[in-house]
Amino acid sequence: MTSDDLLDGSSHSANRYPSYRRIIFLTIGQMCLLAGMGENASYSVAAGNVQAEPADYYDVVVAGSGAGGMLAAIRAHDLGLSVALVEKAAVYGGTTAASAGGIWVPMNNSIADKDSNALAMTYLRAVTQEKLRDNMLQTYVANARPVTDYLAGLDVHFSAGIGYPDYFSELPGALRGRSMLPLDRDGGMLGGHFKTLRDGHPSTLLLGRYALNPGIAAVLGARLPGWKKALARLLWDYWSDVRWRFKTAKDRRLTMGRSVIGGLRKAMADRGIPLFLNTPLIGLDRDGDRIAAVRIKRNGKIVRVKVRGVILASGGFEKSQPMRDRFLVVSTQTGDSAALDAPNTGDAISLGEDVSAAMEHMGHAWWCPVMVTPSGGRNGKPVSHPLFFDRAKPGTISVNRLGHRFVNESVSYDLFGYGMVADQLATGANNPCWMIFDSRFRGKYPAGGLLPSWAMPDRAVPGAWWDNVVFRADDLVALAGKIGVPAKQLCETVSSVNRQAETGVDDAFGRGQTGFERAIGDPSVRPNPSFGPIDKPPYYAIRVSLGDLGTRGGLKIDEDGAVLDQAGQRIPGLYATGDASASIFGDTYPGGGCAIGPAMVFGYLAASEIAAR
């Protein structure tokens, strides 16, 4: 595997990069220019046209400006309906903008000769153990590729790249290449709308400035072959863009979820679809049994808008501590959610509950272990750094506060989270737990917000992190003392792992045995790319909390995205998608993109259903 393979989907020419000397000269010069421009440099992109006030009637009002909401609005417009999109926040993009932007698409154009409806359903039934509504899974499988084709018609493109494997690659029907990532695109096409596009997660920016995509991040993070070339290209493209640097310090390149949102926002603007920011949906009004109007709050006033249908796409309840305490199976905190700055407080779910909508899967979230650093975020706020695959690299293990391993560290982030949940319920000694590694790992791989030592040596780690979320000691006994774990048990656990690493066979959890686990390991490590010794001091530990990428419980919908009541009947005029609706996958996570993919598919189907009726 080469860096060019991993960079598939980049919008840059592979041959266009200059010498390091020229990069350094230009970088210094441009940084001096920006420093002289002051803080206003980040805000000098024009704000764009100010939207008029909402009309008193739309065929469709969509609440929420993530991928699901935006695509629903575009589809409604294209079917001849009048539509408006309202967004609670001052920026648009929802949690999609802060995500990797992937979608899970059976039979996409990269694997059409290998995949089929039947094969995808075989896989999904195996993953879900046939406990979920089969009609919802079939609807998604049948519509994922057509919706992707519709997106391509909107100039929103995805690529399967090197063929990322399904998360349960050992199960029947699993395949490589169903997870697709968005192609990078030029943010300049947004004009004044660039300013109000939601920022990505800090982890998607190198040094807080250079936009990364998963391919570049993988190359740079592990210094794979070609990493110097990739870094040179990244720096050159940013600093040589002189005119854009005088407008804003933000990277022109839209990557990951911001690429998806940018493309959808451009499609909305081209169609003249109004997007009202700072405009929360606060009420649903009925005429008989039908939702006939919505109440929104606009410029401090409550405005009533009559509708034929409303599509709730305003996210889950990850930022509502009362709802987390009420529904989730273990105690977790809003600050541990990786959905930074999201205004997702479960408003749509609560409004649905007010009109007797059914809910399901409310105890579940899109779990992901996180490292929460006390600083480094926007305005100096704490940052919840997802540990997607860092913990899956050889030379690290995860232990609970008793010093025991509790899960296969190389499973998907969601399964790792469920491992934390199960261990917390069983022992009470998880959340937080500890990721343990040595200087060999430290020198080569990232760990949450802790970059490899070649990029972030110990002296460069913020002082507030040490002995708070990052710990270091010359031996395991001293490290155990610092993190409050029984020293004898920690030493025994590490010793056992080191013995097994010699043969590459993890007797306790079978780490590195599936195609997915091997794919996210380190191919240069033998005999097991996911399993290695921890024996080179100094030793490190980072505090790992049970975080999430959002919640997956919500309003119960049918195959057209219509919200169902407690009796299983449709509530006329009410639709939902994304995390405002319950995940069609329940408590499972078949592959990368299983949140955003259904959000767009059922948003598309909801708009189609309203038009048909």
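What comes next concerns the included structure. Bear in mind the structure is a predicted one, so any value in this text is a computation, not a measurement. Counting restarts for each chain: residues are numbered from 1 in the order of the written sequence. For this predicted model, a pLDDT threshold of at least 70 governs which residues receive local features, and a threshold of 80 or more governs which side-chain atom pairs are given and counted, while totals over whole chains, interfaces and linings are taken from all residues. Values shown for side chains rest on all heavy atoms present in the structure; no hydrogens or waters enter the calculation.

**A short note on the environment of Phe509**
Right, on to step 1. One can find Phe509 in the loop between helix 16 (487-503) and helix 17 (515-519).
Right, on to step 2. Look past the residues within four positions of Phe509 in its chain and what remains in contact with it is Arg405, Phe406, Val407 and Asn408. Secondary structure elements follow DSSP: runs of H or I of four or more residues count as helices, runs of E of two or more count as strands, with numbering from the N terminus. Throughout, a residue-residue contact means that at least one pair of heavy atoms, one from each residue, lies within 4.5 Å.

**Digging into the nonpolar core**
Right, on to step 1. Put simply, buried Ala, Val, Leu, Ile, Met, Phe, Trp, Tyr and Cys residues joined by side-chain atoms within 4.5 Å make one nonpolar core. Only protein chains enter the calculation, and the probe is 1.4 Å; a residue is then buried if its accessible area is under 20% of its type maximum, exposed if over 50%, and partly exposed in between. Leu264 and Leu312 are the most contacted members of the largest nonpolar core, which totals 136 residues.
Right, on to step 2. The element best represented in this core is helix 18 (residues 596-612), accounting for nine residues.
Right, on to step 3. Contacts of Leu312, omitting those with residues within four sequence positions, involve Ala63, Leu281, Ala348, Leu555, Leu574, Tyr575, Ala576, Thr577 and Ala580.
Right, on to step 4. Of all hydrophobic cores here, the second largest spans 19 residues; its members include Ala480, Val485, Val497 and Ala501.

**Looking at the pattern of salt bridges**
Right, on to step 1. Here a salt bridge means any side-chain nitrogen of Lys or Arg lying within 4 Å of a carboxyl oxygen belonging to Asp or Glu. One pass over the structure, following the stated rule, counts 34 salt bridges.
Right, on to step 2. In this structure, Asp458 engages Arg472 in a salt bridge whose closest nitrogen and oxygen atoms are separated by 2.7 Å. Here Asp458, found in the loop between helix 14 (439-444) and strand 19 (470-473), pairs with Arg472, found in strand 19; they are 14 residues apart in sequence, far enough to count as distant.
Right, on to step 3. For Asp458, a relative accessible area of 18% gives the class buried.
Right, on to step 4. When salt bridges with common partners are traced through the structure, they connect Asp558, Asp560, Arg570, Glu609 and Arg613 into a single cluster.

**Some remarks on the packing of helix 6 (residues 134-153) against helix 18**
Right, on to step 1. Geometry is summarised by axes, namely lines fitted to C-alpha atoms with helices restricted to the contacting stretch, and by angles between N-to-C directions that run from 0 to 180 degrees. At their nearest, the axes of helix 6 and helix 18 sit 9 Å apart, and the two run at 85° to each other. Classified by the angle between their axes, helix 6 and helix 18 sit roughly perpendicular to one another. Counted together, Met136, Thr139, Tyr140, Asn143, Ala144, Val147, Tyr150 and Leu151 of helix 6 and Gly597, Pro598, Met600, Val601, Phe602, Tyr604 and Leu605 of helix 18 form the full contact between these two elements.
Right, on to step 2. Ten residue types, Ala, Val, Leu, Ile, Met, Phe, Trp, Tyr, Cys and Pro, are classed as nonpolar, four, Asp, Glu, Lys and Arg, as charged, and the remainder, Gly among them, as polar. For the contact of helix 6 with helix 18, the per-class residue count stands at twelve nonpolar, three polar and no charged. Any angle that is under 35 degrees is reported as roughly parallel, and any over 145 degrees as roughly antiparallel; angles of 65 to 115 degrees are reported as roughly perpendicular and all others as oblique.

**Some details on the environment of Lys250**
Right, on to step 1. Here Lys250 is to be found in the loop between helix 9 (242-245) and strand 9 (253-254).
Right, on to step 2. In sequence terms Lys250 and Ala211 are 39 residues apart; their C-alpha atoms lie 8.6 Å from each other.
Right, on to step 3. Setting aside chain neighbours within four positions, we find Lys250 in contact with Phe194, Lys195, Asp199, Tyr238, Trp244 and Arg245.

**What to know about the packing of aromatic side chains**
Right, on to step 1. Note on aromatic contacts: the rings of Phe and Tyr and the six-membered ring of Trp form a pair at centre separations within 6.5 Å, being stacked when their planes are under 30 degrees apart, edge-to-face when over 60 apart, and tilted otherwise. Scanning all chains against the criterion turns up 28 aromatic pairs.
Right, on to step 2. Taking 4.8 Å as the distance between ring centres and 80° as the angle between the ring planes, the aromatic pair formed by Tyr238 and Trp239 counts as edge-to-face. By the burial criterion, Tyr238 is buried, and Trp239 matches it.
Right, on to step 3. Taking the centre distance of 5.8 Å and the plane angle of 65° together, the rings of Phe406 and Phe416 count as edge-to-face. Of this pair, Phe406 sits in the loop between strand 17 (396-399) and helix 13 (413-427) while Phe416 sits in helix 13, placing them ten residues apart in sequence. The pair Phe406 / Phe416 is uniform in exposure class, with both members buried.
Right, on to step 4. Through a chain of ring-to-ring contacts, the aromatic side chains of Tyr164, Tyr167, Trp366, Phe388, Phe389, Tyr413, Phe516 and Tyr589 assemble into a single cluster.
Right, on to step 5. Remark: a charge is flagged as sitting over a ring if the NZ atom of Lys or the CZ atom of Arg is within 6 Å of the ring centre and within 35 degrees of the ring normal. Taking NZ or CZ as reference, Arg223 lies 5.9 Å from the ring centre of Trp227, over its face.
Right, on to step 6. One cation-aromatic arrangement involves Arg552 over Trp366; the distance from NZ or CZ to the ring centre is 4.3 Å.

**A short note on helix 10 (residues 256-271)**
Right, on to step 1. Here the expected span of a helix is defined as 1.5 Å times the quantity of residues minus one. Look at helix 10: 24 Å from first C-alpha to last across 16 residues, which is about the 22 Å you get at 1.5 Å a residue.
Right, on to step 2. Across the 16 residues that make up helix 10, a large majority, twelve, are buried.
Right, on to step 3. Listed in full, the buried residues belonging to helix 10 are Met256, Gly257, Arg258, Ser259, Val260, Ile261, Gly262, Gly263, Leu264, Arg265, Ala267 and Met268.
Right, on to step 4. Looking at the residues trailing helix 10, positive phi occurs at Gly272, about 70°.

**Some points on the side chain of Arg253**
Right, on to step 1. By the secondary structure assignment, Arg253 is in strand 9.
Right, on to step 2. On the basis of relative accessible area, Arg253 is assigned to the buried category, the value being 8%.
Right, on to step 3. Polar contacts, as counted here, are pairs of nitrogen or oxygen atoms within 3.5 Å of one another; within protein the pair requires one atom able to donate a hydrogen and one able to accept it, and residues that are adjacent in sequence qualify only if both atoms are side-chain atoms. A polar atom in the side chain of Arg253 sits 2.8 Å from the side chain of Asp184.
Right, on to step 4. Polar side-chain contacts of Arg253 include one of 2.6 Å to the backbone oxygen of Ala211.

**Notes on the sheet that holds strand 5 (residues 179-182)**
Within a sheet, each strand pairs with its neighbour through backbone hydrogen bonds, oriented either parallel or antiparallel.
Right, on to step 1. Two strands form a pair only when DSSP identifies at least two bridges running between them. Reading across the sheet, the three strands line up as 3-5-4 and stay open at both edges, with antiparallel pairing between neighbours. In the strand order of this sheet, the two ends are held by strand 3 (103-104) and strand 4 (158-159), each with one partner.
Right, on to step 2. Of the pairings in the sheet, the one linking strand 4 to strand 5 comprises two bridges and is antiparallel in character. Residue pairing in the sheet places Phe158 in a bridge with Pro182 of strand 5.

**So, the packing of helix 7 (residues 214-222) against helix 8 (residues 227-239)**
Right, on to step 1. Orientation of helix 7 relative to helix 8, taken along the N-to-C sense of each, is 125°, at an axis distance of 9 Å. Between helix 7 and helix 8, the crossing angle belongs to the class labelled oblique. Every pair of crossing elements has a handedness; the one defined by helix 7 and helix 8 is left-handed. Residues Ile216, Val219 and Leu220 of helix 7 touch helix 8, and the partners they reach there are Trp227, Ala230, Leu231 and Leu234. For any pair of crossing helices, the crossing counts as left-handed if the nearer helix is rotated counterclockwise from the farther one by less than a right angle, and right-handed if it is rotated clockwise.

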